[in-house]
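# Chain and residue survey
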Amino acid sequence: TSQVQGASSGSTTITLKGDFNVSSSSATAFRFQNSSSGSKTYVLNVGGSFNWTGSGTFTGGSSSSQATINFTGGATAVNYIQSAGTITLTNTNIVIANTPAGKTVTLNNNIAIPTSRTLTVNGGIAFSSSTIVSGAGTFTLNSGGSLTTANTAGITSSGATGSVQTTTRTFNTGANYTFNASS
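Residues numbered from 1 in each chain as written. Predicted model: local features only at pLDDT ≥ 70, side-chain atom pairs only at ≥ 80, totals over all residues. Heavy atoms only, no water.

## Quick look at the nonpolar core
Phe-50, Phe-58, Phe-71, Leu-119 and Ile-125 are the most contacted members of the largest nonpolar core, which has 34 residues in total. Excluding residues within four positions of it along the chain, Leu-119 makes contact with Ile-94, Ile-96, Ile-111, Ile-113, Ile-125, Val-133, Thr-138, Phe-139 and Thr-140. (Core = buried A, V, L, I, M, F, W, Y, C linked by side-chain atoms within 4.5 Å. Buried < 20%, exposed > 50% of the residue type's maximum accessible area, 1.4 Å probe, protein only. Contact = heavy atoms within 4.5 Å.)

Right, here's the structure in full:
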C-alpha cells in the first residue's frame, strides 16, 4: 500500500535493469508528477517485464511534462502484464527499443494509447490471438522492428480489427512480420 511519486521540480529518470513489479493498492501507486508545473521530462527505463498486479493507479506526466516508458536493456524477451488496477497513459509514450538486439515485448494484456500519445516499436512486439493495441493515439513499427501476431485478422491499415487498432498506425516496409494464427 505504498506509492512512488516524482518531485514537483526537475526531471526524473528511473532505470531498472530487471522487472517493474507493482502490487500496491494505493490509489496512486506510481505517479511521475505530483503537480502540473511544466516542462519536465519523466522516463521509466524497464529492462525486464512490466507487471502491474495491484489495484492502484499508474499515472505518467502532465500535458506540459510528458512521460516515457522505455523497454530497453536487460532481458531480450519480456512481458507487459496488467492484471488489476488502472494504467493512465494520457501523458505517457511507450518505446520498445532494440537494446539488446532482438528485444521483444509480449503483450499479455491490451494497451490503450490515448490521443497525442505513441507506442513506437524499434525492437519487437508480440500479440496473442486476443491482445490488442487500441485508442486514439499512434502505433509505429519502425524499419528493423518486428511484429508477431496470433490474431486471425492479423494487422490492418484502419478500423477496429486485428492486433493494432489505434487511430493512426504505421507499419514500415523494412520491418519484419510474423503471422502465427490458425483460422
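Now that the structure has been shown, we can carry on.
## Focus on the environment of Tyr-177
Tracing the sequence through the fold places Tyr-177 in strand E19 (residues 176-179). We classify Tyr-177 as partly exposed; its relative accessible area is 37%. Spatially, the C-alpha atom of Tyr-177 lies 19 Å from that of Thr-99, the residues being 78 residues apart in sequence. In this structure, Tyr-177 is in contact with Leu-141, Leu-147, Ile-155, Phe-171 and Asn-172, ignoring residues within four places of it in sequence. (Helix = DSSP H or I, 4+ residues; strand = E, 2+ residues; numbered from the N terminus.)

## Looking at the side chain of Asn-45
Tracing the backbone through its elements, the reader meets Asn-45 in strand E5 (residues 42-46). Among the polar contacts made by the side chain of Asn-45, one reaches the side chain of Asn-70 at a distance of 3.0 Å. Asn-45 has contacts with Thr-13, Ile-14, Thr-15, Leu-16, Asn-70 and Thr-72, leaving out every residue within four places of it along the chain. (Polar contact = N/O pair within 3.5 Å; in protein donor to acceptor, adjacent residues only side chain to side chain.)

## Some points on the sheet that holds strand E17 (residues 146-149)
One open sheet holds the seven strands; their spatial order is E3-E6-E9-E12-E15-E17-E19, and the pairing between them is parallel. Edge strands, defined here as strands with exactly one partner in the open sheet, are strand E3 (20-22) and E19. Each strand of the sheet is rotated relative to its neighbour by a mean of 15 degrees, with strand direction disregarded. Note that strand E6 (residues 50-52) and strand E9 (residues 77-82) share three bridges and pair parallel. (Pairing = 2+ DSSP bridges. Axes fitted to C-alpha atoms, helices over the stretch in contact; angles between N-to-C directions.)

## Focus: the packing of aromatic side chains
Here the structure, examined in full by the defined rule, presents six aromatic pairs. Considering the side-chain rings of Phe-20 and Trp-52, the 6.4 Å spacing of their centres and the 25 degrees angle between planes classify their relative orientation as stacked. Taken as a pair, Phe-20 in strand E3 and Trp-52 in strand E6 lie far apart in primary sequence, 32 residues in all. With respect to burial, Phe-20 and Trp-52 carry one shared label: buried. Centre to centre, the rings of Phe-139 and Phe-171 are 5.9 Å apart; their planes meet at 45 degrees, and the pair counts as tilted. (Phe/Tyr/Trp six-rings, centres within 6.5 Å; stacked < 30°, edge-to-face > 60°.)

## Quick word on empty space enclosed by the protein
For the structure shown, the criterion picks out one cavity of 30 Å³ or more. Roughly 40 Å³ of internal volume is contained in the largest cavity. Taken together, Phe-71, Tyr-80, Ile-94, Ile-96, Val-105, Leu-107, Ile-111, Leu-119 and Ile-125 make up the lining of the largest cavity. Elements represented by at least two residues in the lining of the largest cavity include exactly strand E11 (92-96) and strand E12 (104-107). A per-class count over the lining of the largest cavity returns nine nonpolar, no polar and no charged. (1 Å grid on protein atoms, 1.4 Å probe; cavity = no way out; pocket = protein on both sides within 12 Å on 5 of 7 lines; lining within 4 Å. Points joined across faces, edges and corners; volume = space filled by probe spheres on them. Nonpolar A, V, L, I, M, F, W, Y, C, P; charged D, E, K, R; others polar.)

The analysis is restricted to geometry; functional conclusions fall outside its scope.
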